[in-house]
Each structure stands twice: as structure tokens, then as C-alpha cells.
Amino acid sequence: MDKKRLYEAVSEAVDEKELGSRDIPNIDLYVDQILNIFSSRLYEGSERYHDRLLTKTMINNYSKEGLITPIKGKKYSKEQILQMLTVYTLKSTLSIGEIKRILSGLYSDEHFGEAELTGIYDKHLAIKEENKERVRGTIDEILEKNSLDIDNDIDYISLICALSSLSAQLKSVAQAMIDERFPDNSEEISDADKDKKKEEKKEEKKEKKEIKEKEKEKKKRDKDKSKTVEA
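Residues numbered from 1 in each chain as written. Predicted model: local features only at pLDDT ≥ 70, side-chain atom pairs only at ≥ 80, totals over all residues. Heavy atoms only, no water.

Looking at the second largest pocket, its volume works out to about 200 Å³. When residues of the lining of the second largest pocket are traced back to their parent elements, those giving at least two are α2 (31–42) and α8 (191–230). In terms of residues, the lining of the second largest pocket owes the most to one element, α2, which gives 4 residues. Of the residues in the lining of the second largest pocket, the class split is 4 nonpolar, 2 polar and 4 charged. (1 Å grid on protein atoms, 1.4 Å probe; cavity = no way out; pocket = protein on both sides within 12 Å on 5 of 7 lines; lining within 4 Å. Points joined across faces, edges and corners; volume = space filled by probe spheres on them. Helix = DSSP H or I, 4+ residues; strand = E, 2+ residues; numbered from the N terminus. Nonpolar A, V, L, I, M, F, W, Y, C, P; charged D, E, K, R; others polar.)

Have a look at this one:
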């Protein structure tokens, strides 16, 4: 792999498309409407993100954990949709417990509302977009400082290890910052908490199953569409 191919792979790897606050209608939506808007946007990006769908199970779990404010009826407001999207985007790195500590700290402020959440979410997406360029710069720096030749298998693997360790270190830093500002005040785990964790694991399995089924359905639709075109 030469540098040109490497950077093509990098661009493809970070090509994740997400819903911005402006993409969300200013009307209450049913969960199926939310999922359709989300998946339509997600499929505009790299194929590697297509199986990272938002599901009904996820939304239900977010509600159970108090990560989304209680809904009235069967529709979600724009603020509640922003809440679930914030949880979704953080979930790829942080645990539900860590996310809950962050959001609980924010929600406890009586002056914190939709406008403030929108500001945080949009700024997060803007910085995330900037990070796509930072990734390439970081790779350049690692290659140059360590005189790595990506055509060499050992150097190529060394680059992978370097990026993996950097990811782990940055995650650890984020967790340390959460501990500093939003400490975990929970005491020793009770039997009820243990049961709850078991239930969470079951729900996670259910989420993964839903995602696989949706991906399977999409592949079938694409295959049927392809056959129709050929005919």
C-alpha cells in the first residue's frame, strides 16, 4: 500500500454521515420516523458505518436509563431526538454509565434546555468533522517521526499499533475528565444492580440482533433491486 492508497482508505474510514440539528424537523416524531431519517443520512456515508444503526431497542434502553427525558404519548420532541443522538454518538467510545453521569450533570442544571443541548451537539459534530483532517495529520507525524515505510509489513503493523494505542489513550483521558467533573457517587454494587447489568447485557444482544436483521433486510433489498435492473 502506497501513501495515496493509505489516505484513500483513511478518507473512507472516517466518512461518517450524521444528523445535524437542522436535519431534525421542528415537530414531534414517531420512533419509526426518527429511525428512517437517521438511516437515510447514515447510508450517505461510508459502508463501514451502515451496520451502526439506531434501533427501537436502543431508544427504549436510553429511556429506561433516564438518558432521554420522559415522552408524552408516542412521539418524541426535537430535544428528545437530540438527546438520543448525543447518547448514540458517545456510545461508540464511552459506556452508558459514563454517558449518564455526563448528561445527569447537565440535566440537573435548571437553565439547561434544548438550546444548550443543540449548541453542544452541533459543536461536537463540527469538531468531529475537523478531526477527520487531524487523523491524516497524526498519521503523517507518526510516519515521519518514526521513519516508517508503509510498504514494509513491520512498519505498517507498527503504524496500526500506534493508532490503536493513541485511541486507547484518548479514551482513557476522556474517562479521567468524566471522573474529575462528574464523579461516580454510586456505592457498592447491590444485587439489584447486578441484575440490572445482566438485563443490560441482554438488551445489548437484542440491539445487535436488530442491527444484523436490518442489515440483512437491506442486502436483500439491494439484491432484489439489482436483479430488477438486470432484467
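Still more ground to cover, so stick around.
Before going further, it helps to spend a moment on empty space enclosed by the protein. Going through the model one piece at a time under the given rule, you end up with 1 cavity of 30 Å³ or more. Lining the largest cavity, in full, are Leu19, Ile24, Pro25, Leu29, Ile34, Ile37 and Ile81.

Time to look at the packing of helix α1 (residues 3–13) against helix α6 (residues 114–145). For the pair α1 and α6, the least separation of the axes is 10 Å and the interaxial angle reads 145°. In the crossing of α1 with α6, the sense of the turn from one axis to the other is right-handed. On the side of α1, the interface is formed by Lys3, Leu6, Tyr7 and Val10, while α6 contributes Val135, Arg136, Ile139, Asp140 and Leu143. Residue composition of the contact of α1 with α6, by class: 6 nonpolar, no polar and 3 charged. (Axes fitted to C-alpha atoms, helices over the stretch in contact; angles between N-to-C directions. Left-handed = near helix turned anticlockwise from the far one by under 90°. Contact = heavy atoms within 4.5 Å.)

Leu54, Tyr62 and Met84 are the most contacted members of the largest nonpolar core, which has 32 residues in total. For this core, the secondary-structure elements that each account for two or more residues are α2, α3 (56–64), α4 (78–91), α5 (96–107) and α6. Among the elements that line this core, the one with the most residues is α4, at 6 residues. Discounting residues that sit within four places of it in the chain, tyrosine 62 has contacts with Leu54, Leu67, Ile68, Met84, Val87, Tyr88, Lys91 and Ile96. By size, the runner-up hydrophobic cluster in this structure holds 9 residues, among which are Leu6, Ile142, Leu143 and Leu159. (Core = buried A, V, L, I, M, F, W, Y, C linked by side-chain atoms within 4.5 Å. Buried < 20%, exposed > 50% of the residue type's maximum accessible area, 1.4 Å probe, protein only.)

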